[in-house]
Amino acid sequence: MEESSEVVLYIYDLTQGMASMMSQMLLGRHIDGIWHTAVVVFGREYFFGSQGITSCLPGATVLGQPLKKEVIGRTFIPQPVFADYVRGLAESSFRGSRYNLLQHNCNTFSEDLCQFLCGIGIPKYILDLPQEFLSTPLGQTLGPLIASLGSGGDPTANFQHESDFLNGYSNGGGREPSPDLEQLNHQIEQARQQSQELTERRNKIRDKIDKKSKKKDKKSRKDRSSGESDQNSNGMSEAEAESMNGNGSVNGDSIPPEMLPSEKVLKEEEAERLAEEERKKNREQPIIFKEVDPKLELECLVNLVDGKLSEEEQVAVDELHQYLLLGEGAWALGDGFLVFVGRVFRDKSLSTEVRVHLLRALANAALKDDIILLLHQDRREHVLMNFAQDIDRHPPEEQQAIALFMCNLFENDNASEWLLYISEWAYNNQTISNIRATTKVAVHCLLATCPRLKEIGTALVYNLAAKEVKTVVFDDVAVEISMALLQFFNTDPTEEHLFRTMRSLAKFVLVSPDVPQFIQMIGPHPKTFRGKSERINDQIDQISKKVR
């Protein structure tokens, strides 16, 4: 089992207790605090403000230590994948320009990160605070004004805006500000002045980086998007640098030392990258299909949906074009991309050909290292896996396309691990998970009469068995897959297909003690195939050690 990392939510009260004391008088109801949150993971604190996504050492912001820390859970997502994900957010839905005090703020960002890392959201009372405020008479009066306020300067400027929920209103109501309020406002003003100097330095660095980025070729951009770019001049990877503030404006000579990642974090990230490369080099190579021409699939898709897409859906098609043909990273696929995919899957007014060409384009995308970013975005709606779960209800052409996509996901370890996730959700009055949907697709294809589906099915089962044996994952499905393999043996398979499936069975007899018993009870016994080839004989010998 892969190592996990703790995910902690830092919760700050921007009013430092003033909300609890004064909210009843000002708003007509009690509010415990005006909450700012940040997510701490991999030794860094990440938060969102008007300058985009920023990170620092835990507790190193101008707010000091949080009011409380809440453990969200543990994540098994590797740090390089997380860095790529944050970078993608920084260039799409969480640009600084998209910051909105009431609707798209630091807490929205924390919710997104926690869902991505652990599949668990932040406390509801934090997310509900803006709506709770807007439901008050004062909130209904000032809500439109607050929503229209622009945010400028350093991300710490957001602390000023958010504290205005109460502090600004007390002054506006004609009351004399208390000494505590004056002291708090004075501290905030000092922080803003300090942050303004930092912003000016960042702007200079941004200009330098913009000039350098223009000189980079297509290959370097591709490497950068997959989190494998070279270290920059201050010893920090570009992916990590951009995850710090959302625009790449980082330089060791200009940013205060406390904002730089620790040597430990950098070493851990480099060690993880090297370990991933070593695992990929030494692993058993999966069976994948590279014959898909992404340009052809996209051209056919565009022609078939011409005049049938909304403006947002057309943007999603353009994003797919950037990802597949222009060398952009998975961050190019915005928040609306999976919404577009879901619409294509569900809308029966669109032809089968539309779904086939979209799925085949995704099958090509599945070969990319950073496809995991798109997969993790689907952890909420399960658009891809719900469609795969219904494989037996789709036309044969769609069955082949979704199976091809899933088979190609085994090209990269992170994506193949995603196929094996055991977290469950409800769908069509049944409880399913990634591993159950993957198993259903593999078994369905393996036992299909269509030769193409059989070909993909044997590859899927082979790829599943080639994964590192994890009893917690396969114990529940090993018997189901093995019974399908026994049925498959009765279909007079080719030598290649027989080798793939016999090798798979040799792995599954090691996972579940029930599998050898089923082989003895149901048959055929693998030894009846002895003599087909030497490599098949080797697999039969392995199985025979468990099956007498």
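Residues numbered from 1 in each chain as written. Predicted model: local features only at pLDDT ≥ 70, side-chain atom pairs only at ≥ 80, totals over all residues. Heavy atoms only, no water.

1. A word on the overall build of the protein chain
The number of helices and strands found in the protein chain is 27 helices and seven strands. The buried share among the 548 residues of the protein chain stands at 56%. The contacts of the protein chain with a sequence gap of at least 6 include a subset with a gap of at least 24, amounting to 73%. Looking at the protein chain as shown, the accessible area adds up to about 24400 Å², and 49% of this sits on carbon and sulfur atoms. (Helix = DSSP H or I, 4+ residues; strand = E, 2+ residues; numbered from the N terminus. Buried < 20%, exposed > 50% of the residue type's maximum accessible area, 1.4 Å probe, protein only. Contact = heavy atoms within 4.5 Å. Areas by Shrake-Rupley, 256 points an atom, 1.4 Å probe, with all protein chains shown as cover.)

2. A closer look at the pattern of salt bridges
What the rule picks out here adds up to 15 salt bridges. Across the salt bridge formed by Arg452 and Glu291, the nearest N and O atoms sit 2.7 Å from each other. Here the residue Arg452 occupies a position in helix H22 (residues 451–466), and Glu291 occupies one in the loop between helix H12 (263–282) and helix H13 (294–305), the gap between them amounting to 161 residues. The residue Asp541 makes a salt bridge to Arg530 at a minimum N-O spacing of 2.8 Å. Separated by 11 residues along the polypeptide, Asp541 in helix H27 (residues 534–544) and Arg530 in the loop between helix H26 (514–522) and H27 bring together distant segments of the chain. Through salt bridges with shared partners, a single network forms among Glu455, Glu495, Glu496, Arg500 and Arg535. (Salt bridge = Lys/Arg side-chain N within 4 Å of Asp/Glu carboxyl O.)

3. Describing the packing of H22 against helix H24 (residues 478–489)
To characterise two packed helices, one gives the angle between the axes of the helices and the distance between these axes. Where H22 meets H24, the closest approach of the two axes is 12 Å, and the angle between their N-to-C directions is 140°. Viewed along their axes, H22 and H24 adopt a mutual orientation that is oblique. The two elements H22 and H24 cross, and the hand of that crossing is left-handed. Packed against H22, whose contacting residues are Lys454, Thr458, Val461 and Leu464, the element H24 presents Ile481, Leu485 and Phe488 at the interface. Taken together, the residues of the contact of H22 with H24 break down into five nonpolar, one polar and one charged. (Axes fitted to C-alpha atoms, helices over the stretch in contact; angles between N-to-C directions. Parallel < 35°, antiparallel > 145°, perpendicular 65-115°, else oblique. Left-handed = near helix turned anticlockwise from the far one by under 90°. Nonpolar A, V, L, I, M, F, W, Y, C, P; charged D, E, K, R; others polar.)

4. Here we look at helix H2 (residues 79–90)
With 12 residues, H2 ought to run about 16 Å at 1.5 Å a step, and its terminal C-alpha atoms sit 16 Å apart, in line with that. Among the 12 residues that make up H2, 12 are buried, leaving the element largely enclosed by the rest of the structure. When we look at burial in H2, the residues that qualify are Gln79, Pro80, Val81, Phe82, Ala83, Asp84, Tyr85, Val86, Arg87, Gly88, Leu89 and Ala90. (Expected span 1.5 Å × (residues − 1).)

5. Some remarks on the packing of helix H15 (residues 337–346) against helix H16 (residues 352–365)
Close contact between H15 and H16 brings their axes to 9 Å; oriented N to C, the two are set at 140°. Overall, the two elements H15 and H16 adopt an arrangement that is oblique. The way H15 lies across H16 gives a crossing that is left-handed. Contacts between H15 and H16 involve Phe337, Phe340, Val341, Val344 and Phe345 on the former and, on the latter, Val354, Arg355, Leu358, Leu359 and Leu362.

6. Points about a nonpolar patch on the surface
A grouping of Met483, Met521 and Ile522 is seen on the molecular surface, where their side chains present a nonpolar patch of about 310 Å² in accessible area. The residue Met483 is located in helix H24 in this model. (Patch = residues over 30% accessible without salt bridge, like charges linked within 9 Å, V, L, I, M, F, W, Y side chains within 5 Å.)

Scope: geometric values only; no functional claims are made or implied.
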